[in-house]
Amino acid sequence: HALIVANHSSYLDGAVLAAALPSELTFVAKQELASQTFAGPFLRRLGTLFVRRTDPQAGVLDTEAILEAARTHARLVFFPEGTLSRMPGLLGFYLGAFLVAARAAIPIVPVTISGTRSILRGDQWFPRRGRILVRISPQLMTDGTDFEAALRLRDAARSTILARCGEPDLADEHVEL
């Protein structure tokens, strides 16, 4: 029982994780994807939990629903960068997944995906041939249930993924969501 966090560099990342990780996964995605023509119906059918990132009050309700799913042993998957970019690099991580993990006292499993960005970039429709590598790191345990524990968990997971992704650190870059 753990929360899975992975870097996000391509629309292929969800399919790659579904193929690489055993058992059923529940993805957590931004609400904007629910209304997209192609992605919306597919993600809803998969049982994706959507979060409203720009509405603080609704975001609290979404977090409670995700926390309840975590407590019922759903295998939740987060892409904590919150978006993807054509530019290679690891963006900063949003805190939501780590707050849920700390409050539910469940570990985080950092997963690093390499190769998907060159196979299907954010602005492409057709994939290219290439090699994909998925690295599953040892789980990280939370050392508390408070905000500071969530920050430490986020930083540890991001450091692990950054060390393995082979891309630059873009934590200070602003990417349009």
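Residues numbered from 1 in each chain as written. Predicted model: local features only at pLDDT ≥ 70, side-chain atom pairs only at ≥ 80, totals over all residues. Heavy atoms only, no water.

## Points about the pattern of salt bridges
Here the structure, examined in full by the defined rule, presents six salt bridges. Of the charged contacts in the structure, one is a salt bridge between Arg103 and Glu64, with a shortest N-O distance of 3.0 Å. In this pair, Arg103 sits in helix H4 (residues 96-104) while Glu64 sits in helix H3 (residues 56-71), placing the two residues 39 residues apart along the sequence. For Arg103, a relative accessible area of 38% translates into the label partly exposed. Taking the relative accessible area as the measure of exposure, Glu64 reaches 35% and is therefore partly exposed. (Salt bridge = Lys/Arg side-chain N within 4 Å of Asp/Glu carboxyl O. Helix = DSSP H or I, 4+ residues; strand = E, 2+ residues; numbered from the N terminus. Buried < 20%, exposed > 50% of the residue type's maximum accessible area, 1.4 Å probe, protein only.)

## Comments concerning the packing of H3 against H4
Running from amino to carboxyl end, H3 crosses H4 at an angle of 50°, the nearest separation of the two axes being 10 Å. By the criterion of interaxial angle, the relationship of H3 to H4 is oblique. As for the relative orientation of H3 and H4, their crossing is right-handed in sense. In this structure, H3 uses Thr63, Glu64, Ile66, Leu67, Ala70 and Arg71 to contact H4, whose residues at the interface are Val100, Arg103 and Ala104. Residues belonging to the contact of H3 with H4 are distributed by class as follows: five nonpolar, one polar and three charged. (Axes fitted to C-alpha atoms, helices over the stretch in contact; angles between N-to-C directions. Parallel < 35°, antiparallel > 145°, perpendicular 65-115°, else oblique. Left-handed = near helix turned anticlockwise from the far one by under 90°. Contact = heavy atoms within 4.5 Å. Nonpolar A, V, L, I, M, F, W, Y, C, P; charged D, E, K, R; others polar.)

## Here we look at the nonpolar core
Ranked by size, the top nonpolar core spans 28 residues in total, and within it Leu3, Val5, Ile66, Leu76, Phe78, Phe98 and Ile108 carry the most contacts. Counting only elements with at least two residues in this core, the list comes to strand S1 (3-6), H3, strand S4 (76-78), H4 and helix H6 (147-165). With residues near it in sequence (within four places) discarded, Phe98 still touches Val5, Pro80, Phe93, Ile108, Ala150, Leu153, Arg154 and Ala157. (Core = buried A, V, L, I, M, F, W, Y, C linked by side-chain atoms within 4.5 Å.)

## Brief notes about the environment of Asn7
Note that Asn7 resides in the loop between S1 and helix H1 (13-20). With relative accessibility at 5%, the residue Asn7 sits in the buried group. Through-space distance from the C-alpha of Asn7 to that of Arg117 is 11 Å; in sequence the pair is 110 residues apart. Polar side-chain contacts of Asn7 include one of 2.7 Å to the backbone nitrogen of Ile113. (Polar contact = N/O pair within 3.5 Å; in protein donor to acceptor, adjacent residues only side chain to side chain.)

## Details of the packing of H4 against H6
In a packed pair of helices, the relevant descriptors are the angle between the two axes and the axis-to-axis distance. Where H4 meets H6, the axes come as close as 8 Å, and the angle between the chain directions of the two elements is 125°. On the basis of their axis angle, the class for H4 and H6 is oblique. For the pair H4 and H6, the sense of crossing is right-handed. Every residue of H6 that contacts H4 at Phe98, Leu99, Ala101 and Ala102 is listed here: Phe147, Ala150, Leu153, Arg154 and Ala157. Here the contact of H4 with H6 is built from residues that sort into eight nonpolar, no polar and one charged.

## What about the pairing of strand S6 (residues 108-114)?
Among the seven residues that make up S6, seven are buried, leaving the element largely enclosed by the rest of the structure. The alternating pattern of S6 places Ile108, Pro110, Thr112 and Ser114 and Val109, Val111 and Ile113 on opposite faces, both of which are buried. Summarising the sheet, S1 and S6 pair through four bridges and their orientation is parallel. Bridge pairing links Leu3 to Ile108 in S6. Pairing analysis gives four bridges linking S6 to strand S7 (residues 133-136), with the strands arranged antiparallel. Its bridge partner lying in S7, Thr112 is registered against Arg135. (Pairing = 2+ DSSP bridges.)

## A closer look at unusual backbone geometry
A positive phi angle is found at Ser23, which is not glycine, with a value near 70°. Residue placement: Ser23 occurs in the loop between H1 and strand S2 (26-30). Its relative accessible area of 52% is what places Ser23 among the exposed residues.

By themselves, these figures tell us nothing about what the structure is for.
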